[in-house]
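Working through the structure, step by step
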Amino acid sequence: MNVQSNSDGNDPATSAGRMMLNFLASLTEYERELIMERVNAGIAAARQSGTRFGRPLSAPAVTANNLLIAQDTRVKGRTAEDAARLLGGVARRSTATSTQTPDPPKASDR
């Protein structure tokens, strides 16, 4: 299989063509590394100035209060889905895991 560039006439079958393709590949790799360095420098500068990355932290008091509400709901015999709906914006799986009690089987599961 032979590859040849129509736009600039580089033929990888010749030594000059191979040198040119290797040179272009080296430039591409160099540019990719420069981009990674710039990105990492920007992240480091942002962290230095106090920027926090990732999911925002929840207030411990709010989390504890939500956990108490979810546990109370589960103790009263309601499902994790009901507790999650009551809290609003909380995933059912998170509620089920945090309360550590299995859901009673639904009528459709029997």
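Residues numbered from 1 in each chain as written. Predicted model: local features only at pLDDT ≥ 70, side-chain atom pairs only at ≥ 80, totals over all residues. Heavy atoms only, no water.

**Some words on the overall build of the protein**
Of the regular secondary structure elements, the protein holds four helices and zero strands. Counted from the first residue to the last, the protein has its helices and strands arranged as α-α-α-α. Evaluated residue by residue, the protein yields a buried proportion of 13% over its 110 residues. For the protein, restricting intrachain contacts to residue pairs at least 6 apart in sequence, the fraction spanning at least 24 positions comes to 26%. (Helix = DSSP H or I, 4+ residues; strand = E, 2+ residues; numbered from the N terminus. Buried < 20%, exposed > 50% of the residue type's maximum accessible area, 1.4 Å probe, protein only. Contact = heavy atoms within 4.5 Å.)

**Side note on the side chain of threonine 73**
Inspection of the secondary structure assignment puts threonine 73 in helix α2 (residues 60–75). Dropping the residues within four chain positions of it, threonine 73 is found in contact with Arg78, Ala83 and Leu86.

**Considering the packing of α2 against helix α3 (residues 80–87)**
The relative placement of two packed helices comes down to the angle between their axes together with the axis-to-axis distance. Running from N to C, α2 and α3 point in directions that differ by 140 degrees, and their axes come no closer than 9 Å. When the axes of α2 and α3 are compared, the pair comes out oblique. Viewed along their axes, α2 and α3 form a crossing whose handedness is right-handed. Contacts from Asn66, Ile69, Ala70, Thr73 and Arg74 in α2 reach Ala80, Ala83, Leu86 and Leu87 in α3. (Axes fitted to C-alpha atoms, helices over the stretch in contact; angles between N-to-C directions. Parallel < 35°, antiparallel > 145°, perpendicular 65-115°, else oblique. Left-handed = near helix turned anticlockwise from the far one by under 90°.)

**With respect to helix α1 (residues 15–48)**
In this model, α1 (34 residues) spans 49 Å end to end at C-alpha, consistent with the 50 Å of a helix rising 1.5 Å per residue. Here α1 has its buried residues at Gly17, Leu34 and Ala46. Phi turns positive, to about 100 degrees, at glycine 50, one or two residues after α1. (Expected span 1.5 Å × (residues − 1).)

**Looking at α2**
Under the 1.5 Å per step criterion, the end-to-end length of α2 is 22 Å for 16 residues, consistent within 8% with the ideal 22 Å. All of the buried residues along α2 are Ala70, Thr73 and Arg74. The arc that holds the buried residues of α2, viewed along the axis, is 95 degrees, so those residues lie on one side. Summarising the geometry of α2, the exposed residues directed more than 90 degrees from the buried face are Pro60, Ala61, Leu68 and Val75. One or two steps after α2, the chain reaches glycine 77, where phi turns positive at roughly 90 degrees. (Arc of directions from axis to C-beta.)

**Some remarks on the confidence of the model for the protein**
Regions with low pLDDT should not have their predicted coordinates read in detail. Of all residues in the protein, 76% have pLDDT values of 70 or greater, and the mean over the chain is 80. Confidence scores differ between elements of the protein, with helix α4 (residues 92–99) showing the lowest mean pLDDT of 65 and α1 the highest of 95. (pLDDT = per-residue confidence, 0-100.)

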